[in-house]
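Each chain, letter by letter, is given below.
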Amino acid sequence: MIADLSIEQLIEQYKPRIKKTFAADRQFVKAEFTNDGSHIVTVGYDASVRLWATDSDEPQQVSLDESHQGWVTGLAVHSTNARIFTSDSFATLTCFDYTNGTLQPVWSNSEAHDGWIRELALAPDGKTLASVSRDQTIRTWDPNTGNQRDAFQGHGADIYTVAWHPDSTAFATGDAKGNVIYRDAKSGAIKKEFDASELFAVQRLQDVGGVQSLTFSLDGNTLFAGGCKPNNGGNVQGVPLVFRFDLAGNQPVERLELGVSSDVYVRNITMHPDGFMLAVTNGNPGIGKLQFHRFGDDKPFYVNSKLLNCHHISLHPNKRDFAVTTTSRGSNGNGRPLKDGEYVGSHSPVHVLTFDPPAEEAPS
Amino acid sequence: MHCTPIEHAISRRTLFGAAAATTLGMGGLGGLVRPSIAKRLQSDQKQVLFIWIDGGMSQLESWDPKPNTQFGGPFRSIQTSIPGIRISELMPKTAQIMHLLAVDRGVHTQDNSHSAGVGRVNRGDPKDRGVTYPYFGSAVANLLGPGESGLPPYVWVKPGSGGFQFKDAGFLGPQYGALAIGDGQAPDNLLLHKDISSKRDDLRNKLRVLADERFTKTRSSRSTEAQGFVFDTARTLMRRSDLFEPADPKDKERYGDTPFGRDMLLGKKMIEAGVTFVKVNSYGWDTHGDNFNGHASLMPRFDQAFATLVTDMHESGMLDHVLVIAMSEFGRTPRINGHVGRDHWPEAWSIAMTGRGIRRGTVIGKTNKLGTFVDSEEHDIGAFFHTWFHALGIDSTHDEYVNDGQPLPIAHDDMAPIKELLA
């Protein structure tokens with residue numbers, strides 16, 4: 001058990017190294033492993049859904065779908081079959097099958113919400129898909145048919161994120177104003193409301209912050225909410241913050257500051273079955289951190305600040321590898337970034353890291 | 001026709017006379033222009049409501065959306081009241097009054113920093129002649145004068161602190177600076193002290209005027225005149241404490257219960273009271289980080305107050321004599337940085353306007369498919385200054401300021417009005 005390990009032992013066991021990196025010339029929001037780890041799916045600002053084969057040293061893009069519009073920010077991978085679910089900022093929700101290594105649409109709903117579908121989450125048992133939107137509603141869907149089951153309200157603000165309880169009977173949602181609601185998935189009845197309003201501030205005319213990420217502990221007893229404590233609007237700054245709520249109570253049992261003001265948002269949190277939290281932060285351009293935190297410790301046991309502006313983290317089914325979606329170096333600037341006369345955009349390197357040591361060189 | 005220094009000297013005397021007349025409630029015209037021009041301008045009152053969106057509103061999340069392109073962002077575009085013209089979905093109310101507006105999507109300016117860009121844009125970026133040009137508000141205050149209201153000709157409604165901002169006036173001198181109203185609050189000491197009767201106050205003021213006259217007989221008059229001018233307009237303002245009474249709750253709701261809604265309402269009130277130039281300021285638009293969530297809350301608040309104001313001014317007929325402009329110091333980069341923000345972009349952005357002298361229901365200028373650069377004739381801020389002066393009846397291609405005998409064009413001498421924007 002990692003609870004018994006010293007910090008040095010933890011670092012020795014879990015210090016990751018980059019195995020491979022891949023990128024397109026566009027920006028991704030998320031890169032997620034499929035359930036067998038054979039592929040990575042990326043979604044992003046160019047409305048694309050891309051399937052990448054991971055079996056080679058250089059991951060290859062094997063399929064591209066461009067049927068979405070705006071930004072694709074919702075991505076959920078089925079835990080047992082070859083299906084993925086994606087959603088975009090123009091309100092379309094789509095299911096793809098990738099059995100043959102090609103993205104084939106199964107069903108699609110272009111009016112799934114009234115506006116930007118921020119995030120999707122599939123229940124661990126694979127039986128219900130939940131979507132949250134700028135239209136302030138939560139909707140649940142039959143993942144097989146795309147038929148809507150329910151629509152729930154109650155946030156009164158743009159809903160940014162959703163996460164399922166491990167037992168698949170309930171989910172939590174977090175909004176732009178720092179409210180977290182935990183509710184029964186079938187009836188929609190609110191089981192708990194958690195106050196994460198420290199993650200929100202009004203600065204002049206701007207609502208700043210909000211709950212950026214939610215996840216449950218693997219035992220289902222605890223809910224984690226990530227974001228930042230905003231200092232100002234415009235160029236948002238704020239100390240990255242994670243609250244750990246005990247589902248039996250209402251108050252946070254732990255409040256973790258994961259950096260300084262320029263580190264800004266905790267964009268994504270994932271639980272490792274060995275008993276620690278993986279989190280990524282996304283701060284000022286060029287600033288991003290990958291952090292591992294053992295519960296009960298007052299600071300992370302591992303911090304990597306070389307991965308720039310991290311957006312998402314995805315654990316490989318083998319639990320030894322994981323993918324981090326980042327941003328290219330020099331992504332900001334007030335001038336004209338021209339290359340061969342063309343205006344150059346940013347892109348998103350995806351790094352696949354592993355806890356495994358490098359394979360020993362074969363004896364000559 | 002260019003003005004001669006002699007003509008300017010005469011007009012300057014006209015100004016000083018006007019300032020004195022203001023004390024008597026007769027109004028007057030500002031003055032570094034020829035008397036014939038002054039007479040022309042006096043024939044009908046013209047005013048300006050200038051909405052300054054400090055930090056840089058994103059053109060892609062407002063007037064010039066490029067949905068479904070590399071840099072287009074997450075938001076949809078929506079149809080406006082002008083067939084074929086679409087703006088961001090974050091401006092649903094403005095979309096309904098688009099036929100009242102003129103928007104130029106081909107703005108191209110020179111500075112990508114706040115420190116230089118704000119001043120450069122506010123001064124119309126004239127050629128460097130070794131003097132500090134006035135901000136647009138000071139220029140209009142000077143050229144159009146305080147009008148009949150006798151109120152300060154340049155009022156700046158802003159969040160934060162108030163006070164007198166003389167720096168805006170540049171070479172025109174401090175009397176053309178801005179009276180800043182902070183957080184919608186009346187300036188300090190607006191009301192006469194309770195122990196001073198109005199009769200006593202009048203006597204005191206007469207004494208001040210006599211002292212000023214005597215002082216200027218043997219010394220340079222400029223600063224004394226400036227002080228007298230400010231004194232007079234301040235006294236008028238003291239009689240208008242009603243301007244600072246709380247807004248009607250219904251209006252508050254219509255404009256939005258936000259600092260910007262409050263300030264837009266107060267700005268309109270100032271215009272209705274006869275202030276020549278009102279600047280309403282919104283801060284916090286420098287969205288280098290989290291641009292899209294930022295604009296998702298900023299834009300609807302701007303949209304509500306802006307669309308309501310334009311509608312009100314249209315319905316009351318005020319748009320016939322009030323020029324309304326909404327702009328920033330630049331737009332924002334098409335490129336999205338790692339902090340999900342957009343940086344500064346003067347290369348291709350948009351300015352919206354309506355009202356006095358403006359052709360309503362017009363969208364001119366065009367950016368390329370990705371929104372990176374202007375794909376039509378580029379319009380720099382100097383051309384807008386010409387356009388706005390012409391809309392106000394000022395012939396900016398001929399009329400000049402005179403600064404201590406030095407004739408100075410009132411707008412960039414290599415640029416001209418944008419005819420497509422003029423009625």
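Bear in mind that the values here come from a model prediction, so they are computed numbers and not experimental data.

**Q** Break down the overall build of chain B for me, citing the residues and quoting the values.
**A** In terms of helices and strands, chain B carries 11 helices and 15 strands. In chain B, buried positions account for 56% of the 423 residues.

**Q** Break down the overall build of chain A for me, with residues and values.
**A** Looking only at helices and strands, chain A features 1 helix and 32 strands. The C-alpha radius of gyration computed for chain A amounts to 20 Å, which stays within 12% of the reference 21 Å derived for 364 residues, consistent with globular compactness. Counting only C-alpha atoms and orienting by the principal axes, one finds that chain A spans roughly 65 × 45 × 45 Å. Residues classed as buried in chain A amount to 51% of the 364 residues present. Long-range contacts, defined as pairs at least 24 residues apart, comprise 47% of the intrachain contacts of chain A with a sequence gap of at least 6.

**Q** Could you give an account of the nonpolar core, with specific residues and numbers?
**A** Of all hydrophobic cores here, the largest spans 191 residues; its most connected members are Ala225 and Val242 of chain A together with Val155, Val278, Leu323 and Ile325 of chain B. Beyond its immediate stretch of four places on either side in the chain, valine 155 of chain B contacts Ala178, Leu179, Ile181, Met270, Val275 and Val278 of chain B. Within the second largest apolar cluster, 6 residues are counted, among which are Ala91, Leu93, Trp116 and Ile117 of chain A.

**Q** Can you break down the environment of glycine 267 of chain B residue by residue, with the values?
**A** With respect to the helices and strands, the residue glycine 267 of chain B is situated in helix α9 (residues 259-273). Separated by 109 residues in sequence, glycine 267 of chain B and lysine 158 of chain B place their C-alpha atoms 9.5 Å apart.

**Q** Which residues make up the interface of chain B and chain A, and what values do they have?
**A** With 40 residues of chain B at the interface, the matching set in chain A holds 40 residues. Contributing elements (two or more residues each) for the side of chain B that touches chain A: α9 and α10 (291-315) of chain B. When residues of the side of chain B that touches chain A are assigned to their parent elements, the largest contribution, 5 residues, is made by α10 of chain B. Split into classes, the residues belonging to the side of chain B that touches chain A amount to 14 nonpolar, 19 polar and 7 charged.

**Q** Quick one: what's the story with the sheet that holds strand β28 (residues 312-315) of chain A, residue by residue and with numbers?
**A** Residue and element names in this part refer to chain A. An order of β1-β32-β29-β28 is seen for the 4 strands of this open sheet, with the pairing classed as antiparallel. The sheet is open, and its two borders are formed by β1 (17-22) and β28, each paired with just one other strand. Taken pair by pair, the neighbouring strands of this sheet meet at an average axis angle of 25°, ignoring direction. Across 5 bridges, the pairing between strand β29 (residues 321-325) and strand β32 (residues 350-354) is antiparallel.

**Q** So what's going on with the pairing of strand β3 (residues 39-44) of chain A? Residues and values would help.
**A** Residue and element names in this part refer to chain A. Of all 6 residues making up β3, 6 are buried, and the element is well covered by its neighbours. Because side chains alternate across β3, one face comprises the buried residues His39, Val41 and Val43, and the other comprises Ile40, Thr42 and Gly44, equally buried. As judged from the 5 bridges shared by strand β2 (residues 28-33) and β3, these two strands associate in the antiparallel manner. Counted as the bridge partner of lysine 30 is valine 43 from β3. Linking β2 to β3, which pair antiparallel, is a turn of 5 residues; within it glycine 37 sits at a positive phi near 75°.

**Q** Can you tell me about the packing of α9 of chain B against α10 of chain B, naming the residues and giving the values?
**A** Residues and elements named next belong to chain B. For the pair α9 and α10, the least separation of the axes is 9 Å and the interaxial angle reads 20°. Judged by the angle between their axes, α9 and α10 are roughly parallel. Every pair of crossing elements has a handedness; the one defined by α9 and α10 is right-handed. Where α9 approaches α10, its residues Phe260, Gly261, Met264 and Lys268 are matched on the opposing element by Arg301, Phe302, Gln304, Ala305, Leu309 and Asp312.

**Q** Help me get a handle on the sheet that holds β2 of chain A, residues and values and all.
**A** All names here are of chain A. Taken together, the 4 strands give an open sheet; going across it, the order is β2-β3-β4-β5, and neighbouring strands pair in antiparallel fashion. Of all strands in the sheet, those bounded by a partner on one side alone are β2 and β5 (60-65). Sheet twist, expressed as the mean angle between neighbouring strand axes with direction ignored, is 20°. Here β3 pairs with strand β4 (residues 49-53) via 5 bridges, running antiparallel. Each bridged residue has a counterpart across the sheet, and for valine 41 the counterpart in β4 is leucine 51.

**Q** Before we move on, can you summarise the confidence of the model for chain B with the specific residues and values?
**A** Detailed reading of the predicted model is not advised wherever pLDDT is low. Residue and element names in this part refer to chain B. Considering every residue of chain B, the mean pLDDT works out to 89; 90% of them sit at 70 or more. This model gives residues 1-41 a pLDDT under 50, and the stretch forms 78 contacts once residues within four places in sequence are excluded. At the level of chain-chain contacts, confidence expressed as ipTM amounts to 0.97, with global pTM at 0.93.

**Q** Before we move on, can you summarise α10 of chain B with the specific residues and values?
**A** Residue and element names in this part refer to chain B. A rise of 1.5 Å per residue sets the reference length of α10, with its 25 residues, at 36 Å; its end C-alpha atoms lie 34 Å apart and thus fit the reference within 8%. In terms of burial, α10 is a largely internal element, 20 of the 25 residues being buried. Positioned one or two residues after α10, glycine 317 has a phi angle of 85°, which is positive.

**Q** Residues and numbers for unusual backbone geometry, please.
**A** With a phi close to 55°, arginine 204 of chain A is a non-glycine residue in the positive phi region. The residue arginine 204 of chain A is located in the loop between β18 (200-203) and β19 (206-209) in this model. Residue arginine 204 of chain A is classed as buried on the basis of its 21 C-beta neighbours within 10 Å. Of note, the phi angle at asparagine 189 of chain B is positive, near 60°, even though the residue is not glycine. Structurally, asparagine 189 of chain B is set in the loop between β7 (178-182) and α6 (198-218).

**Q** I'd like to hear about helix α5 (residues 136-144) of chain B, residue by residue, with values.
**A** Residue and element names in this part refer to chain B. Burial within α5 is extensive, with 9 of its 9 residues counted as buried. Among all positions of α5, only Phe136, Gly137, Ser138, Ala139, Val140, Ala141, Asn142, Leu143 and Leu144 are buried. Directly after α5, the chain includes glycine 145, whose backbone phi takes a positive value near 75°.

**Q** Would you mind going over the packing of α6 of chain B against helix α7 (residues 222-238) of chain B in detail, with residue names and values included?
**A** Residues and elements named next belong to chain B. One way to put it is that α6 packs onto α7 with a least axis distance of 10 Å and a crossing angle of 165°. By the angle between their directions, the pair α6 and α7 is classed as roughly antiparallel. In this structure, α6 crosses over α7, and the sense of that crossing is left-handed. Here Asn205, Arg208, Asp212, Phe215 and Thr216 of α6 lie close against α7, whose contacting residues are Thr224, Gly228, Phe231 and Arg235. Partitioned by chemical class, the residues of the contact of α6 with α7 number 2 nonpolar, 4 polar and 3 charged.

**Q** Give a description of the environment of aspartate 404 of chain B that names residues and reports values.
**A** Residue and element names in this part refer to chain B. With respect to the helices, strands and loops of the structure, aspartate 404 is situated in the loop between β14 (400-403) and β15 (406-409). Aspartate 404 sits in the exposed class, given 8 other C-beta atoms within 10 Å. Considered as a pair, aspartate 404 and isoleucine 97 are 307 residues apart in the sequence and their alpha carbons are 45 Å apart.

The rules behind the values
- Residues numbered from 1 in each chain as written.
- Chains lettered and ligands numbered in written order.
- Predicted model: local features only at pLDDT ≥ 70, side-chain atom pairs only at ≥ 80, totals over all residues.
- Helix = DSSP H or I, 4+ residues; strand = E, 2+ residues; numbered from the N terminus.
- Buried ≥ 20, exposed ≤ 12 C-beta atoms within 10 Å, placed from the backbone.
- Rg over C-alpha atoms; globule rule 2.2 N^0.38 Å.
- Contact = placed C-beta atoms within 7 Å.
- Core = buried A, V, L, I, M, F, W, Y, C linked by C-beta atoms within 7 Å.
- Nonpolar A, V, L, I, M, F, W, Y, C, P; charged D, E, K, R; others polar.
- Pairing = 2+ DSSP bridges.
- Axes fitted to C-alpha atoms, helices over the stretch in contact; angles between N-to-C directions.
- Parallel < 35°, antiparallel > 145°, perpendicular 65-115°, else oblique.
- Left-handed = near helix turned anticlockwise from the far one by under 90°.
- pLDDT = per-residue confidence, 0-100.
- Expected span 1.5 Å × (residues − 1).

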